[in-house]
Amino acid sequence: MWQPPPHPRSLPVPATRGSFCSDFPALERALAAVLSPWGCRRRLPPLPWERSPACVGASAREPGGGGCCPGPALTPTFTASMISPAGPEVAPAPSPALSRRETRRPKLASDSDLRTSQLKSVDLNRVIKLLEDSNSNDEEERQLETLKKVMKQYETGLPLKDLAQIFKILNICAEKIQDQEAFIEPTCEILKLCGLPFLKKKLSDEVNYTPVTLESIAQLGYLMRVPSSQVRIQICKCIISFYHAEPPKKQLAGLHSTSANYKIQMAELGGLAETLVLSLALVENQLAEKLWVLKALQHLSTSGVNCKLMMKAQAASRICSRLNDADPSGQLLFRSSEILWNLLENTSKEEIVNQLSNLECIYALKEVFVNLLMHGFRHYDRQLRNDLLVIATLIAENPGAPMIESGFTKQLILLATFSEVKSHNPLVKGFKLTYSYEDFELKKLLFNMVAVLAKDLCAVQLLNEGKVVLALFHYVKPNEKPGVHDWSVAQYEELQLHAIATLASVAPLLVDDYMTCQGNTRLLMFLEWCVGQDPFFGQGNCFHGAGGRGNKLAQMRYSLRVLRPVVSLCDEAVNLDLCDQGAINQLLDILKHITNKSKEKEDAIVLEIQTDILLILSTLCENDLHRKELFGCEGVDILIPFMKMDPNKLYSGLGHNRLLFSTLDSLWCCVMGCYIAEDYFLEREGIFLLLDLLALKQKNICNLILGILVEFCDNSKTASHINTWRGKKDQTAASLLIHLWKREELELGVKHDQDGRIVDAKKPLVGSFQEQQGVIPMPANCPSIAIMEVSENMRAKIYSVLCKLGFENLPGLSAKDFVTLAIIRRYLDFKVGEVWSEICAELKEETFRPVTPDEEALKVISEASENVGKMVATLQTEMLESQQHQELQEEQKVYSKIQAIHKQREMVNKSWENFLTRTSNYEALKKAKRLQEKSIDASRSKSRPQNATLHSTEIKGLNTTIASGRLVTIESTPSELTGGPLADTDLALRKLSVRGGALKKIKGVKVLDPFKKDSVSVK
C-alpha cells in the first residue's frame, strides 16, 4: 500500500486579503477548445515542421503565432541569447550523398560505428509517410514492425535533430489509437523514450533547437486528450522523469546528453503546467489517471514559473474542490495539499486565497479536515490535518470568504474550546486530544484561527455562543500542579501565552463576557503573580515567550496587552471595577518594580511593558480628579526618570520613542488638573525637563509638549519656571518658541522677506500648499481649510504659550526675533481675517452675491484685516531701522573708544619724548624749569590772609622739573605712648619731613604738649 512521505510543514503561511472571482464555465470552454474530445476527430495543433514557410514566418513574428494554420498554436517567448542567429529552426535531414560516401569507405566499423550507421539508415520521413498513407488494416503489422525498429534505434535517447520527426510520428500514432488499439503500446514506448535525456551533438544544439524542443514538450500536455488510460499515465510518467532523469546505459558515438534542467526549462517555457491543469477535467472520474496527473503537477509546482501558469488556469480552485473525492490510498489528499502549498509559496498568496474563497472549496476543505480529525490515527494524518487547518486560516483572513455560511467557522470555534468548556455537540462527543506534538500544534492553530475570526465582526456572535472568552481565561492562571497525563511545562506555557494573546483580540469585542468572567480580577491576580517571588522559570522557547526565559515577563507582557484594549474602550463599568480593585496603585508598583529591575539592561519587552502600563494609567485617570490624586506624587516620581531619557536612545529601535510618548501622555492625563501633582511636578523641575525635550526640536513630540505647556500655564507658578529656563548657548524659552515658529512657517511655505517681514498683508499666515489648494466650498457643519490648519501645526500652541508668558519683557531675543514676535502677537487677528477672506472666496466661487449691507460689512472686515497686516509690516520695518540705528551708535562708540585709546598712546609717547629732551639738553631743562615755576606762581591765590604763615615749597639745589610727591609727615601722639617699634631708641624723636620731595633730618623738635593731638612746632 502507498505510504505518503512525512509532511514537513506545520506553520501557517501569511496571506493578505483580496476579492474572489472564478468562472468555471469559461474554463470548461477553454478546455474544450484546447483539449477537444477524441470523438470529434480533431487534429492536434500543427507543429512548425507541418506549416508552410509563410505560416512559420508569421508564427515567428506574431505573438499569437496564428498564421494561416488551423488550431491553437504555442508560441513561447525567447530571448535573443537563446537562439543562435545562424541556427536552423528545424533540423535538416541527413544527406543521402554523404551517407553514400561514408558507406564506400574501405574501413572496418566498430560496434558504435555500426550502431550509428544503423541509426542513419532509418529514414524517418519514410516512416511518417508509411503511417500517413496506409489506411488499411493489412498494413497495421508492417507499421507496428517499423515502429519497433524506430524504437530500437532510439533506445538510448532521442537526438535533438530528430525530435521534430519523432513527435510527428507520436502524434500520428495517437490519432490511430481510436480505431486501432494496437498503437497504444508503441505510443507508450515512444513516450518512454521521451522520458530519457535528449541527445545533442554540439554544445550549441540546446539553443539552436530550443523552438522545436519547446513545442515538442508542449505537445505532451495536448496528448492528454487521447482516450487511453495507459497513454495518459505514461505521459505523466514522462513528465515526472524530467525531475528524476537517469543517464542512458548506452551512448551513441558523437552524441551527449543534454543538461539535467534542459527539459524542465522547456516545460516552463512551453506552458506544460497550464495544459496539464486543464486536463484535470478529462480525468475527474478516473482515479488512477487523476493521481498520476496530480503527481506530475506536484513536481511541476516546485517551480515558480509553473505555479504562475497553474494559477492562471485556476489550479487552486480545481484541486481544492475535489479534495473530498473517494481515494482509498490517500494519495489524492496528500498530493493536492502539496500542490496547494507550493502555489501559496511560489505565487501571489492573495490570488490563490481568492481562488479558494468559494463555497465549493470551503465545503470540501471542511469535510476533509473533520474526517481527518475524527478518524485519522496516523502521525501523517495529523500532520496533514494541521496543514489543511493552516490553509483554512489563510482563507479565513479573506473577508470575502464564506466561512460562516459554510458552517466551518462554528465548527472551528467548537473545536478550539471543547477542552475547556463542556459541550454536548455530537461532533466532539467522545473526542479527546492526545498530548502528542501534532495535537499540541493543532491547539495552537485553533487559537490562531480564533484570533483571525475575531477580525470579522460577523463572527462575534458565534464567538459569544462558543464561550471563547471563558475558554481562554482558563489559561490565565499559573500552572501550579501539572499532571502526568497533561501538557508538559513548556507546552503549557506556550499554550498559556498563545491563549492570552488571543484573548487580547477577543476580549474587546465581548466586553459583557469579559465582565461575566470577572476578567479584571483574574488579570490583576495574574499580574500580582507575575511580580511575585515564587519560583517560576519561563522557558521562553516559543514565539510569544520571547524575552521570558527564566522570568515572568512574557506573561506580564501579554496580560497587559489584554488589559490595555479593554481599558481603551472607555467603558465606565469596566474602568470603575478596575479602579475599585486598586488597579492604579498596583500598576504603579509594577512599573516601579520593572523600572528598578531593568536599570542596567533595557530590552524591547521591558519597554513595551512600561509603555502599556503608562497608557492604561492615562486612560484610567483622564477626566477623573480622584484617580489623578491616586496617581499623585508617586506617579510623578516615576515619570521624571523617563523624561530624563538619553535622546540618543530614541533612535535605538527598541521602543524608547513609544515610551516617551506614553510618558508625555500620562503627564497630560494623570497630572494636569490635579494641583497637588502639578506643584510637585514643578518642584521636581519638570518644566525644565519639558523644555529640554522641546529643545531637541523633534517634530513628532514638539506638538505634544507644547500642548502640555499650554495646559500647565494655567498654573500661576509655571511662567516663572519657563522664563528661568536656559538651554544651550544660554537660549531662553521665548527664543526657542520663536525659533520653532520660524521653522514651522518655513515648512508651510509662508512668504516672508529675508528679514522675516510680512510680504502679503492680505494673507500673512497662508502657506504655499494651502494657497495652491485654493478654496473648496464646504457645508456649514464642516471645518474649512483655515480652521483645520490650526490643529495641523504648532503655531496656535506657540501663540497660546506666549500669550500666557506675555509679549513684553521677554529675555534673550534678537531684533529678528522681535520681528517674528510681532506676527505671533497678531496671530489671532490674522487667523480671523483669513477665515473671513475664505468666506468671501467661497461666496465668489459659488457665484453668490450677499446683500448690500453684508457686502459692505465683508469689505470693511477685509480692509481692517489688511490694515492690521500693513501695520505689523510697518512696525517690523521700524524695529529693523531702530536696530540698525542702535547698531550704528554702538559702532560709533566703539570707534570713539578706539580713537581715545590711540590719542592716549600719542600723549604718552609725546611725554616720553619731552622727558628724553630735558634729560639730554640742559637748556631745554632750564626752560622747562622756568615754565614750571611760572605755572606754580600762576596757580597760587593772589589774596593772602593776614597773619598767615607762608611755607616755601622750593627745594634749593634741586635740578628737576618733576613734581614732588604728596608725602607729609604729621607729628601726633608721642610714640613712647603708643609703644611703637622705635620707642626705646633715639630715633623715636627723629621725624622726617617732606620738602620738595627730598628727605631731610629736622634739627630741633620741641614737644609743647605731649598729650595734645595734632599739635606740631617746627623750627
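Here, the structure is the one placed above.
The following paragraphs examine the structure supplied in this document.

So, how was this worked out
Numbering of residues starts from 1 in each chain and follows the order in which that chain's sequence is written. Totals for whole chains, interfaces and linings use all residues, but because this is a predicted model, local features are given only for residues with pLDDT of at least 70 and pairs of side-chain atoms are given and counted only at 80 or more. Values reported for side chains reflect all heavy atoms of the structure, with hydrogen atoms and water molecules removed beforehand. Only the contacting stretch of a helix is used when fitting its axis, a line to C-alpha atoms as for every element, and angles between N-to-C directions run 0 to 180 degrees. In this description a helix means any DSSP run of H or I spanning at least four residues, a strand means any run of E spanning at least two, and both kinds are numbered starting from the N terminus. Here roughly perpendicular refers to angles of 65 to 115 degrees, roughly parallel to angles under 35, roughly antiparallel to angles over 145, and oblique to all remaining angles. In this scheme, a crossing is called left-handed if the near helix is turned counterclockwise away from the far one by less than a right angle; it is called right-handed if the turn is clockwise. We call two residues in contact when some of their heavy atoms are within 4.5 Å. In this classification, Asp, Glu, Lys and Arg are treated as charged, Ala, Val, Leu, Ile, Met, Phe, Trp, Tyr, Cys and Pro as nonpolar, and every other residue, Gly included, as polar. In the sections that follow, a salt bridge refers to a side-chain nitrogen of Lys or Arg positioned within 4 Å of a carboxyl oxygen of Asp or Glu. The rule is simple: take the accessible area with a 1.4 Å probe, protein chains only, and divide by the maximum for that residue type; under 20% is buried, over 50% is exposed, in between is partly exposed. Stacked, edge-to-face and tilted labels apply to pairs of Phe, Tyr and Trp rings (six-membered ring for Trp) whose centres lie within 6.5 Å, assigned for plane angles under 30 degrees, over 60, and everything in between, in that order. Every helix has an expected span of 1.5 Å times one less than the residues it contains. Starting at the helix axis, one direction is taken to each C-beta atom, and the arc is that of these directions. Distance and chemistry together define a polar contact, namely a pair of N or O atoms within 3.5 Å, with one atom able to donate a hydrogen and the other to accept it when in protein, and with adjacent residues in sequence counting only for side-chain atoms on both sides. Here, nonpolar core means buried Ala, Val, Leu, Ile, Met, Phe, Trp, Tyr and Cys residues that are tied together by side-chain atoms lying within 4.5 Å of each other. Put simply, a disulfide is two cysteine sulfurs that come within 2.5 Å.

Before going further, it helps to examine the packing of helix α42 (residues 815-825) against helix α44 (residues 852-920). Look at α42 against α44: their axes get within 9 Å of each other, and the N-to-C directions meet at 165°. It follows from the interaxial angle that α42 and α44 lie roughly antiparallel. α42 and α44 meet at a crossing whose hand is right-handed. From α42, A815, F818, V819, A822 and I823 reach across to α44, where they touch V872, L875, Q876, M879, L880 and Q883. Within the contact of α42 with α44, the residues separate by chemical class into nine nonpolar, two polar and no charged.

This paragraph deals with the pattern of salt bridges. Summed over all chains, the structure comprises 36 salt bridges. With its nearest N and O atoms 2.9 Å apart, the salt bridge here joins E289 to R232. One end of the pair, E289, is in helix α14 (residues 287-300); the other, R232, is in helix α11 (residues 229-241), and 57 residues separate them in sequence. For the pair E289 and R232, one class covers both residues: buried. E855 is the salt-bridge partner of R849, the closest N and O atoms lying 3.3 Å from each other. When its relative accessible area of 57% is taken as the criterion, R849 is described as exposed. Through salt bridges that share partners, E745, E789, R795, K831 and E834 make up one connected network.

Attention shifts here to the packing of aromatic side chains. Overall, the coordinates contain 15 aromatic pairs when judged by the stated rule. Where W741 meets Y827, the ring centres are 5.7 Å apart and the plane angle is 85°; that geometry is what we call edge-to-face. Here W741 is found in helix α38 (residues 733-748), whereas its partner Y827 is found in helix α43 (residues 827-845), with 86 residues between them in sequence. Considering the side-chain rings of Y799 and Y827, the 5.4 Å spacing of their centres and the 45° angle between planes classify their relative orientation as tilted. Remark: Y827 occurs in helix α43 and Y799 occurs in helix α41 (residues 795-805); sequence separation between them is 28 residues.

We now examine the packing of helix α40 (residues 785-792) against α43. It is the contact of α40 with α43, at a shortest axis distance of 9 Å, that shows an interaxial angle of 145°. Contacts between α40 and α43 involve I785, A786, I787, E789 and V790 from the former and Y827, K831, E834, V835 and E838 from the latter.

Attention shifts here to helix α45 (residues 922-939). Taking 1.5 Å per residue as the helical rise, α45 with its 18 residues ought to reach 26 Å, and the 26 Å between its terminal C-alpha atoms agrees with that figure. When α45 is considered as a whole, its buried residues turn out to be A924, L925, A928 and Q932. Considered in projection along α45, the buried side chains sweep an arc of 100° and stay on one side of the axis. Exposed positions of α45 whose direction lies more than 90 degrees from the buried face are Y922, K927, R930, K934 and A938. Structurally, the start of α45 carries an N-cap: the backbone nitrogen of E923 is 3.2 Å from a side-chain oxygen of N921.

Attention now goes to the side chain of S436. Position of S436 relative to the elements: it lies in the loop between α21 (408-417) and α22 (437-453). Owing to a relative accessible area of 18%, S436 belongs among the buried residues under this scheme. The contacts of S436, once residues within four sequence positions are left out, are R382 and W487.

Side chains of a nonpolar character, in soluble globular proteins, are inclined to be buried together. Core analysis: the largest hydrophobic core is formed by 247 residues, its most contacted members being L220, F681, L690 and L694. Ignoring any residue separated from it by four or fewer positions in sequence, one finds L220 in contact with F167, L191, I235, C238, F242 and L272.

With that out of the way, let us pick up unusual backbone geometry. In terms of backbone geometry, most residues other than glycine have negative phi values and most peptide bonds are trans. Phi angles above zero are rare outside glycine, and K467 is one such case at about 55°. Among the secondary structure elements, K467 is positioned in the loop between α23 (460-465) and α24 (468-473). On the basis of relative accessible area, K467 is assigned to the partly exposed category, the value being 46%. Of note, D730 is a non-glycine position whose phi angle comes to about 60°, a positive value. Turning to its location among the elements, D730 is positioned in the loop between α37 (718-724) and α38.

Inspection of every chain in the model, using the stated rule, returns zero disulfides. No disulfide involves C238; its nearest neighbouring cysteine sulfur is the one of C194, lying 5.2 Å away. Cysteine C361 remains unbridged, with the sulfur of C320 as its closest cysteine sulfur at 4.3 Å.

What follows concerns helix α29 (residues 572-580). Inspection of α29 places V574, N575, L578 and C579 among the buried residues, and these make up the whole buried set. Along the long axis of α29, the arc covered by the buried residues comes to 125°, so they all point the same way. Residues of α29 that are buried sit in contact with α26 (511-516), α27 (519-530), α28 (553-568), α30 (583-597), α31 (604-621) and α32 (625-643). N-cap assignment for α29: the residue whose side-chain oxygen lies 3.0 Å from the backbone N of A573 is D571. Where α29 ends, the next residue or the one after it, G582, has phi of about 75°, a positive value.

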